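# Structure assessment
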Amino acid sequence: VLSSGQMVLVQVTKDPVGHKGARLTSQVSLAGRFLVYVPDGTTSGISRKLPDTERNRLKTLLKEIVPDTAGVIVRTAAEGASEEELTRDVERLKARWEDIEKKATHKGSGPQLLYGEPDLTLKVVRDLFTEDFSKLVIEGDDAWDTVHGYVEAVAPDLIDRVERYQRNGAGDVFSTYRIDEQIHKGLDRKVWLPSGGSLIIDRTEAMKIGRAHV
């Protein structure tokens with residue numbers, strides 16, 4: 001199938017660990033806010049977590065929006081999304097793929113990064129920040145510029161919920177909202193669960209073993 005020296009377009013699905021190389025695939029997919037864009041058009045589907053009525057609505061909408069040459073996997077976050085929001089998501093991902101294709105045609109002497117996933121901050125905002133949240137509090141100039149610009153472009157309806165944190169003599173955002181406490185609790189050997197049960201986590205030479213109490 002492949003010959004020595006041939007250039008192939010691949011996507012990293014798992015980063016290298018230790019002596020183990022990265023896991024690659026030629027089935028490229030690009031994640032958006034509401035859906036995953038599959039350029040080759042062979043894959044499509046809708047999250048089974050969505051009710052049937054919503055699945056049917058989304059299926060009907062996407063028939064008009066998605067190009068015949070592409071496929072999409074609709075995420076749970078698409079529940080209630082408008083036609084305009086879905087169109088914006090598809091158009092942005094389609095443009096990103098076209099840019100990747102353009103770069104891939106330029107011959108180089110070695111492997112090249114054509115597109116990289118956004119940093120963790122944007123990934124969290126993209127995957128988790130929905131209308132279920134009353135506000136998103138940001139501290140730091142770089143983080144504010146990055147997140148505010150992204151939300152303004154991708155989810156303008158949520159931009160009013162993005163709030164800039166000012167210390168004004170107080171501590172940082174983690175101490176003000178007691179996030180440090182939650183991190184320390186989560187790293188304890190004994191972790192209490194909302195149900196009233198607990199997990200006890202012990203480290204061994206080859207793996208971690210957990211014991212649950214309910």
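Relevant structure appears above.
Along each chain, residue indices are assigned from 1 in the same order as the chain's sequence is written. In keeping with the predicted nature of the model, local features appear solely for residues at pLDDT of at least 70, side-chain atom pairs appear and are counted solely at 80 or more, and the whole-chain, interface and lining totals rest on all residues. The side-chain figures draw on all heavy atoms in the structure; neither hydrogens nor water molecules are used.

### Remarks on unusual backbone geometry
At N168, a position not held by glycine, the phi torsion is positive, near 50 degrees. Of note, N168 is situated in the loop between β8 (162-164) and α5 (173-176). Phi angles above zero are rare outside glycine, and R178 is one such case at about 55 degrees. Each helix is a run of DSSP H or I of at least 4 residues and each strand a run of E of at least 2, with the numbering of both proceeding from the N terminus. Note on placement: R178 falls in the loop between α5 and α6 (179-187).

### Side note on the pattern of salt bridges
The term salt bridge refers to a pairing of a side-chain nitrogen on Lys or Arg with a carboxyl oxygen on Asp or Glu at a separation within 4 Å. Inspection of every chain in the model, using the stated rule, returns 13 salt bridges. Measuring nitrogen to oxygen at the nearest pair gives 2.9 Å for the salt bridge that ties R75 to D127. On the criterion of sequence distance, the pair formed by R75 in the loop between β6 (71-74) and α2 (83-104) and D127 in helix α3 (residues 120-128) is long-range, its members being 52 residues apart. Judged by its relative accessible area of 28%, D127 falls in the partly exposed class. In this structure, R178 engages E181 in a salt bridge whose closest nitrogen and oxygen atoms are separated by 3.0 Å. Residue classification places R178 among the exposed positions, given a relative accessible area of 53%. Any residue under 20% of the maximum accessible area for its type is buried, any over 50% is exposed, and the rest in between are partly exposed; the area is computed with a 1.4 Å probe on protein chains only. Using a relative accessible area of 35% as the deciding quantity, one classes E181 as partly exposed. The network of salt bridges with common partners includes R75, E117, R126 and D127.

### Things to note about the side chain of E85
Along the chain, E85 turns up in helix α2. With a relative accessible area of 14%, E85 lands in the buried category. Residues contacting E85, with those up to four places away along its chain left out, are R33, F34 and D157. In what follows, a contact means two residues having at least one pair of non-hydrogen atoms within 4.5 Å.

None of this, on its own, says anything about what the molecule does.
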